[in-house]
Amino acid sequence: GGVALAKSPDAAARARFLGLVRQGRSLKYSARTAGVHLQSGYQWLRQLFFELREQGLTTQQAQARLGCVTSKIEVWDAAFVSGAYRRHPQAGRP
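Let us look at the structure shown here. (Residues numbered from 1 in each chain as written. Predicted model: local features only at pLDDT ≥ 70, side-chain atom pairs only at ≥ 80, totals over all residues. Heavy atoms only, no water.)

### Here we look at helix H4 (residues 59-66)
Within the sequence span of H4, burial applies to Thr 59, Ala 62 and Leu 66. Projected onto a plane normal to the axis of H4, the buried residues spread over an arc of 65 degrees and lie on a single side. H4 presents Gln 60 and Ala 64 as exposed residues on the side facing more than 90 degrees away from its buried surface. Residues of H4 that are buried sit in contact with helix H1 (9-22), helix H3 (38-54) and helix H5 (72-82). Backbone geometry just after H4 places Gly 67 at a positive phi near 85 degrees. (Buried < 20%, exposed > 50% of the residue type's maximum accessible area, 1.4 Å probe, protein only. Helix = DSSP H or I, 4+ residues; strand = E, 2+ residues; numbered from the N terminus. Arc of directions from axis to C-beta. Contact = heavy atoms within 4.5 Å.)

### Thoughts on the packing of H1 against helix H2 (residues 27-34)
The contact between H1 and H2 brings their axes to 9 Å, and the two run at 150 degrees. Taken together, the axis directions place H1 and H2 in an arrangement best described as roughly antiparallel. Relative to H2, H1 is oriented so that their crossing is right-handed. Two secondary-structure elements touch here, H1 through Ala 13, Arg 16, Phe 17, Leu 20 and Val 21 and H2 through Leu 27, Tyr 29, Ser 30, Ala 31, Thr 33 and Ala 34. Class assignment of the residues belonging to the contact of H1 with H2 gives a composition of eight nonpolar, two polar and one charged. (Axes fitted to C-alpha atoms, helices over the stretch in contact; angles between N-to-C directions. Parallel < 35°, antiparallel > 145°, perpendicular 65-115°, else oblique. Left-handed = near helix turned anticlockwise from the far one by under 90°. Nonpolar A, V, L, I, M, F, W, Y, C, P; charged D, E, K, R; others polar.)

Written out as structure tokens, the structure reads:
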């Protein structure tokens, strides 16, 4: 109960995972409870981190919004700063 309707099972799992992380649950617990692989959870966190940074949040603000501490933040931030990240690469787009 209490889970909002989602567009797809993946969207529901993503929302559940991110919600648990924001509540302070561990990444492993959140992934297991949401019924997803830990790697999927990291991909969702990475995507959200980039979205938050694109909105102008600092690294620290984005990490606080994610609600978790992971050593991957430094790697993700370096990719963001260098422009080496691509969330949705599409052929034919500049």
